[in-house]
Structure formats: C-alpha cells, structure tokens
Amino acid sequence: MFYKFIRPIARFIVWVLNGRPHLTNPENLIDGPYILVAPHRTWWEPIIFALAASPREFSFMAKKELFHNPILGWILRHAHAFPVDRFNPGPSAVKIPVRILKEGKLSLIIFPSGTRYSSELKGGAALIAKMAKVPLLPAVYQGPTTFKDFCKRRRVTVGFGDPILIDRKQKLNEAGLALINEQMEAAWQKLDRQIDPSFVYQPDPKKLDQEKAANKLK
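Model, not experiment: these values are computed from the prediction.

Engineer: For the pairing of strand E6 (residues 136-142), give the residues involved together with the corresponding values.
Structural biologist: For E6, the buried fraction is high: seven of the seven residues fall into the buried class. Side chains Leu136, Pro138, Val140 and Gln142 project from E6 onto one buried face, and the interleaved Leu137, Ala139 and Tyr141 project onto a second face that is buried too. Across three bridges, strand E2 (residues 35-37) lies against E6 in parallel orientation. Bridging from a neighbouring strand, Val37 pairs with Pro138 of E6.

Engineer: Explain the sheet that holds strand E5 (residues 107-110) to me, and be specific about the residues and the numbers.
Structural biologist: If you trace the seven strands from one edge of the open sheet to the other, you get E1-E7-E6-E2-E5-E3-E4, paired in mixed fashion. Two strands in the sheet have a free side with no partner beyond their single neighbour: strand E1 (22-24) and strand E4 (81-84). Strand-to-strand, the axes of this sheet are offset by a mean angle of 25 degrees, without reference to chain direction. Examined bridge by bridge, E1 and strand E7 (residues 157-160) share three bridges and lie parallel to one another. Looking across to E7, one finds that Thr24 is bridged to Gly159. Helix H5 (residues 124-132) rests against E2, strand E3 (58-63), E5 and E6 of the sheet, and its axis sits at about 160 degrees to E2.

Engineer: Describe helix H1 (residues 2-18), with residues and values.
Structural biologist: With 17 residues, H1 extends 24 Å between its outermost C-alpha atoms, agreeing within 8% with the 24 Å of an ideal straight helix rising 1.5 Å per residue. Turning to H1, the residues buried within the fold contact helix H2 (45-52), E3, helix H3 (70-78) and helix H6 (147-150). Residue Gly19 follows H1 closely and has a positive phi angle near 95 degrees.

Engineer: Give a description of the packing of aromatic side chains that names residues and reports values.
Structural biologist: A full pass over the atoms with the stated rule returns ten aromatic pairs. Ring geometry for Tyr34 versus Phe58: centroids 5.8 Å apart, planes at 80 degrees, classification edge-to-face. A residue pair is termed long-range when its members are at least 10 positions apart, and Tyr34 in the loop between E1 and E2 and Phe58 in strand E3 qualify at 24 residues. Here the two residues Tyr34 and Phe58 agree in accessibility, since each one is buried. Centroid distance Trp43 to Phe147: 5.7 Å. Interplanar angle 35 degrees. Geometry classified as tilted. Within this pair, whereas Trp43 is found in the loop between E2 and H2, its partner Phe147 is found in helix H6, the two being separated by 104 residues in sequence. Judged by relative accessible area, which is 37%, Phe147 ranks as partly exposed. Taken together, the ring pairs in this structure connect Trp43, Trp44, Phe147 and Phe150 into an aromatic cluster.

Definitions and limits used
- Residues numbered from 1 in each chain as written.
- Predicted model: local features only at pLDDT ≥ 70, side-chain atom pairs only at ≥ 80, totals over all residues.
- Heavy atoms only, no water.
- Buried < 20%, exposed > 50% of the residue type's maximum accessible area, 1.4 Å probe, protein only.
- Helix = DSSP H or I, 4+ residues; strand = E, 2+ residues; numbered from the N terminus.
- Pairing = 2+ DSSP bridges.
- Axes fitted to C-alpha atoms, helices over the stretch in contact; angles between N-to-C directions.
- Contact = heavy atoms within 4.5 Å.
- Expected span 1.5 Å × (residues − 1).
- Phe/Tyr/Trp six-rings, centres within 6.5 Å; stacked < 30°, edge-to-face > 60°.

Structural data, given as structure tokens:
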C-alpha cells in the first residue's frame, strides 16, 4: 500500500528535478517476477529504475546502516527494502529475496558490484535468480552522476536489455558465475553503446579511495 502511495510522489519529485527519464527498449520489460541487474552509478538509481519499469513493484537490498535511523528504516521497509550486511551478508541475503520472488508479487533490483566504486561483480544475483527460477534483466542508467547535475535537468536515459535465462542445470561454480557475469557486462556495454557510445562512467576519485580504504579494514 505504501509503495503505491509513494510511487506517484517520487515520480512527481523526479519530474520537477529532472523531467521524465527517456527509455530504451522498454519492450524488454518482463510481465512477471525478475531481477533487474545494473552497474551501480548513482544513489538514486533504484528510484529511477523502479519508476522506469512501472507498474511492476520492486524490492531491493539496502545496507543495514540505513535502517538504524527509525524514520528512514520505516520508510525503507514499507518500500519493500530489506537490510543486508555488505561485508558479511549471511544466508538471509539469499533466502529473503528468493522468498520474495517466489511469491510472485515483486521483482528485485540488484547491483552486482555492490557499490558505485567497484567493478568486481559478485555472484548473488545469479544464485538468487536460479533458486527463484526467474530471469535476470540487464539495465543501465546514463545521465548525471552528481545530484547537482541531476537537478539541472540533464538528460537521464534508462535502457533495458534482453533477459538472461539461467538453466536450472547450470552449475554456479567459478566458471559458471564468470559466464553469467560476462553476459551481464556484455549486455550493459551493448546498452551503453546504443544510448550514447561516448558515455563513460567516472566515479568520484576521493570516494573511490575512501571505499578502497574501508574495504581493507573489513
């Protein structure tokens, strides 16, 4: 109920700040549960992706620290988010999304790299997709990567690729995961070229260094 209430409000706020996102290949959107997988480029991408793929409703992972604030935690939970420890995810990081997807009411948004400052893909999305028996849907965001530029109404485009199906017999060992990661990366590169071949994602170098330092301490 809260999701349906907050979505038009979010859509209006995005329209006021930036206008309406442009969509590439919206015909690739799936009628049924799936996992939308994308390279992580901004903190507001989950909102943009959820609006672009509407009317489908989405669940998404959020770092557990965000739930420490009682107000923000309440909002996140009622917006179908669930907490995950990025450094020690545990079994619930797979069990919860698999259960959500099997119920069939929601799809899921996952950034396989985990953060905006990493290019290394993890295997969680593939494992969840296989266990829940749903496809992966590659997507990309092209547009401003700072909120200041976003508010200047610089063009935002969301592209959707062809679904990636994971055979139930496929082994998700190192080789199997590498193959799926290659498929996702190839799909993202294809979408980026289709939208704007000159687009290059450049994370904030200071935050990139901070993220690397934090990872070494974990």
